[in-house]
Amino acid sequence: MLDLKELQNDFEKIATKLRKKKVDETVLERLREISLKLKEQRKILEALQAEQNAKSKLFPQYQKEGKDIAGLKEELSQIKQKIAVEQEIVRTLEDEMYEIALSIPNIPDDDVPEGDGEEDNVELKRVLEPTTFSFTPKEHWDLAITPEWIDFERGVKLAKSRFSVLKNGAAKLERALINYMLDFNHNRGFEEVCVPYLVNRDSLIGTGQLPKFEEDLFKIEEEPLYLIPTAEVPVTNLFRDEILTKEELPAKLTSYTACFRKEAGSAGRDTRGMIRQHQFDKVELVAVTTPDQSDAVFDEMVACASDLLTSLGLPHRLMLLCGGDLGFSAAKTVDIEVWLPGQNRYREISSISNTRAFQARRARIRYREGKKNLPVHTLNGSSLAVGRTLIAIMENYQNEDGTVTIPEILKKYMP
RNA sequence: CGGGAGAUGGCAGAGCGGUUGAAUGCACCGGUCUUGAAAACCGGCGAGGGUAACACCUCCGGGAGUUCGAAUCUCCCUCUCCCGGCCA
């Protein structure tokens, strides 16, 4: 959520910055109007309430002195009616204000490049050269080992398309990767947590998936609960409605969860293989910081994910997302793309975002700064998407005979 | 899923329908005392909005209602705890 006070006082500044994200300016203008109007309406309401309170206090006194109460009663009845009217106005304004406020995306940082989409993202750096082969590398679904490792058909049988079953080496590798990543993150100072895969609406509003992106989520039918699209939701919401002390910050957490996404807008994309599934494993990093810590922690998280890939010997590059490609809650995002030799291109395997105070305001996560309670900064990022890492290993470590060599560092994690 | 109890400030725990945003204890912060610490004593100490700062408004799980007035009464919901059933 935007800082409404800032919007009231410095409309131009915010409007200008949000142009990068293509926000309809009339909506922004409307939000400002409502918030100002609400301020005025609240004053009217509060004056009436003050009068009501003052007059109500006279009752015990009147009764003690044996004065007549009827007149006072009548007076208060009228005030009560006026209050009801004003209250309704205030409530209507509040509802409209929150509806709009919750639908406006975060303001991009100043160093976020202009741009409409993927093609305008800026490459920051490359790590490791793309793997070279003495033969033509295959895509992961074409490897000789794949039928033994990944059962696409039966995934569909059990659920529907975009579900699959891992077997043999792939199942073991999946688990090895999860354990390896969690250990790696632990060594970088991230504390491991294990969280629910189902969350309520408040949690999803807190991190920004709702109310706007309901169609991307799997919802439980008989209860207002949703399957998490990322561990970012439960882990960040751990702190919802809490006031943290400065000593607790920065809080750095890591969590392995399955993630569930409807992929509503991706019909026909990546239908082959394991790139885009409705259910996938991910190890996530989440940090809660003071505003002056968040840039440093962001760099730490990017380094953590990049180093992890390097340790697995996987070539990758870091991309600074442009305004048009930025997610709803993010002020700044660095994507990490891993080299897939079979596809002969880089594919996203991690995404690290700083949401600044955007989620903190929605989820009311604050910290105590002197006498004030201020919103924290929240950050999240994939340590790595596990399924895509598995694919990256299959493609980068493939042999001419279609088998896959397990990276040395993972061997002690393999049974 | 069935039966019982409950939901108040960081925690514990009071609170006749009226001047209670809320006793008390602990924790915490500041001060006195002390070489320092502890103890003792004094003071402060919930959140959100509002203000230059006050004032003022809202909030005692959430919602609706009774009343001039509700933390206190009624109804609904949610959650927690105990007993039973079921089950990893």
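Just so it is clear, the structure is predicted and the values come from calculations on it, not from any experiment.

Asks: An account of the protein's contact with RNA strand B is requested, with residue identities and associated values reported.
Replies: Neighbouring RNA strand B are 19 residues; Gln49, Asn53, Phe59, Arg366 and Arg368 lie closest to it. Near-protein atoms of RNA strand B (within 4 Å) split between backbone and bases, with sugar and phosphate holding 70%. Here Glu46 contributes a side-chain N or O atom positioned 3.3 Å from a base nitrogen of RNA strand B. Residue assignment for the surface near RNA strand B shows that the elements contributing at least two residues are helix H3 (25-56), helix H4 (58-65), helix H5 (70-101) and strand E13 (365-369). Residue contributions to the surface near RNA strand B peak at six residues, all from H3. Here the residues of the surface near RNA strand B are counted per class, giving five nonpolar, six polar and eight charged.

Asks: Which residues make up the pattern of salt bridges, and what are the values?
Replies: Under the definition given, this model contains 30 salt bridges. Between Glu12 and Arg19 there is a salt bridge whose closest N-O contact spans 3.9 Å. With a relative accessible area of 46%, Glu12 lands in the partly exposed category. A salt bridge links Arg126 to Glu123, with the nearest nitrogen and oxygen atoms 2.6 Å apart. Owing to a relative accessible area of 33%, Glu123 belongs among the partly exposed residues under this scheme. Connected through shared salt-bridge partners, Glu123, Arg126, Arg317 and Glu337 make up one network.

Asks: Give a description of the nonpolar core that names residues and reports values.
Replies: Grouped together as the largest cluster of nonpolar side chains are 49 residues, with contacts concentrated most on Trp149, Leu173, Leu177, Met301, Met394 and Leu410. Listed by contribution, the elements that provide at least two residues to this core are helix H8 (168-187), strand E9 (279-289), helix H11 (294-311), strand E10 (316-320), strand E11 (332-340), strand E12 (345-354), strand E15 (377-385) and helix H13 (386-396). Here this core gets nine residues from one element, more than from any other, and that element is H8. Look past the residues within four positions of Leu410 in its chain and what remains in contact with it is Leu173, Ala176, Leu177, Tyr180, Leu312 and Ile393. By size, the runner-up hydrophobic cluster in this structure holds 29 residues, among which are Phe11, Ala15, Ile34 and Leu38.

Cut-offs and rules
- Residues numbered from 1 in each chain as written.
- Chains lettered and ligands numbered in written order.
- Predicted model: local features only at pLDDT ≥ 70, side-chain atom pairs only at ≥ 80, totals over all residues.
- Heavy atoms only, no water.
- Near = heavy atom within 4 Å.
- Polar contact = N/O pair within 3.5 Å; in protein donor to acceptor, adjacent residues only side chain to side chain.
- Helix = DSSP H or I, 4+ residues; strand = E, 2+ residues; numbered from the N terminus.
- Nonpolar A, V, L, I, M, F, W, Y, C, P; charged D, E, K, R; others polar.
- Salt bridge = Lys/Arg side-chain N within 4 Å of Asp/Glu carboxyl O.
- Buried < 20%, exposed > 50% of the residue type's maximum accessible area, 1.4 Å probe, protein only.
- Core = buried A, V, L, I, M, F, W, Y, C linked by side-chain atoms within 4.5 Å.
- Contact = heavy atoms within 4.5 Å.

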